[in-house]
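Coordinates in review
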Amino acid sequence: ISIKSIFESCLNLSSIKLNSNLNTPNLINMEKMFYDCQNLVNIDDIFNLFNTSKVTNMSHTFYGCFNLKKLNLCFDNLDTSNVVDMSKMFFKCKNLYKIDLNKKFNTKNVKNMNQMFAYCTNLIKLDFGVLNIENVGNMAEMFYFCTNLQQINLRKSSIKNVNNMNKMFNNC
């Protein structure tokens, strides 16, 4: 099942409340789910409603969500262990200043994080200490134009398989 672009360009959408009886055990593609939802402010608990255990593509999920300020990805139900592509996932979320991550946000199979946080101009700090990024090959422009970024924790992270880090911190 693909929900690619399901809310794409819903320019006036500011919050989403979904039925807790969603049945999504075969969901594999969440690409561009909230693409260009410029006024989206609140998506609390939305990922707790989806079965994401088979999802492989989360690229561009929040691309252009200008008014999203904080994002909690610490849900017990969130399973990202099969995701391969997280490129441009938070691209141009220019008001996003806080992302809460935990071990449930599993990145062990992710290969592409290209421009994942590019143009998140209000992002201040990011803790990758809980993430496994050892299989990521592409981190090019990952923090491109994150002009307020002050702290990144990569201490427990292995970047041994990264083959592209071009402009990873350009204009930070």
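Residues numbered from 1 in each chain as written. Predicted model: local features only at pLDDT ≥ 70, side-chain atom pairs only at ≥ 80, totals over all residues. Heavy atoms only, no water.

Focus on the side chain of Asn 114
With respect to the helices, strands and loops of the structure, Asn 114 is situated in the loop between strand S2 (98-101) and strand S3 (125-127). With relative accessibility at 19%, the residue Asn 114 sits in the buried group. With near-sequence residues (within four places) excluded, Asn 114 lies in contact with Ser 87, Lys 88, Asn 138 and Ala 140. (Helix = DSSP H or I, 4+ residues; strand = E, 2+ residues; numbered from the N terminus. Buried < 20%, exposed > 50% of the residue type's maximum accessible area, 1.4 Å probe, protein only. Contact = heavy atoms within 4.5 Å.)

Some remarks on the state of the cysteines
Scanning all chains against the criterion turns up zero disulfides. Free cysteine Cys 120: the closest other cysteine sulfur is in Cys 93, separated by 5.1 Å. Cys 172 takes part in no disulfide bond, and the closest cysteine sulfur to it belongs to Cys 146, at a distance of 5.2 Å. (Disulfide = S-S within 2.5 Å.)

Section: unusual backbone geometry
If you check the backbone angles, Ser 5 has positive phi at about 60 degrees while not being a glycine. Structurally, Ser 5 is set in the segment before helix H1 (46-49). The backbone phi angle of Asn 171 is positive, close to 65 degrees, even though this residue is not glycine. By secondary structure assignment, the location of Asn 171 is in the segment after strand S4 (151-153). Judged by relative accessible area, Asn 171 falls into the partly exposed class, the value being 37%.

Regarding the nonpolar core
With 48 residues, the main nonpolar core has Phe 34, Ile 43, Phe 62, Phe 90 and Phe 117 as its most contacted residues. Going through the elements one at a time, H1, strand S1 (70-73) and S2 are the ones with two or more residues in this core. Once you skip the residues sitting within four places of it in the chain, Phe 34 turns out to touch Phe 7, Ile 16, Leu 40, Ile 43, Ile 46, Thr 61, Phe 62, Tyr 63 and Cys 65. Counting five residues, the second largest nonpolar core, distinct from the first, contains Tyr 35, Tyr 63, Phe 91 and Tyr 144. (Core = buried A, V, L, I, M, F, W, Y, C linked by side-chain atoms within 4.5 Å.)

A short note on the packing of aromatic side chains
Within this structure, the stated rule accounts for twelve aromatic pairs. Look at Tyr 63 and Phe 91: their rings are 4.7 Å apart centre to centre, the planes differ by 15 degrees, and that puts the pair in the stacked class. Of the two residues, Tyr 63 sits in the loop between H1 and S1 while Phe 91 sits in the loop between S1 and S2, which places them 28 residues apart along the sequence. Judged by its relative accessible area of 16%, Tyr 63 falls in the buried class. Ring centres of Phe 90 and Phe 117 lie 5.2 Å apart, and the angle between their planes is 5 degrees; this geometry places the pair in the stacked category. Of this pair, Phe 90 sits in the loop between S1 and S2 while Phe 117 sits in the loop between S2 and S3, and the two are 27 residues apart along the sequence. Here Phe 117 falls in the buried class, since its relative accessible area comes to 2%. Of note, Lys 32 hangs over the ring of Tyr 35, and the distance from its end group to the ring centre comes to 5.1 Å. In this structure, Lys 88 is placed above the aromatic ring of Phe 91, and the distance from its NZ or CZ to the ring centre is 5.5 Å. (Phe/Tyr/Trp six-rings, centres within 6.5 Å; stacked < 30°, edge-to-face > 60°. Lys NZ or Arg CZ within 6 Å of the ring centre and 35° of its normal.)

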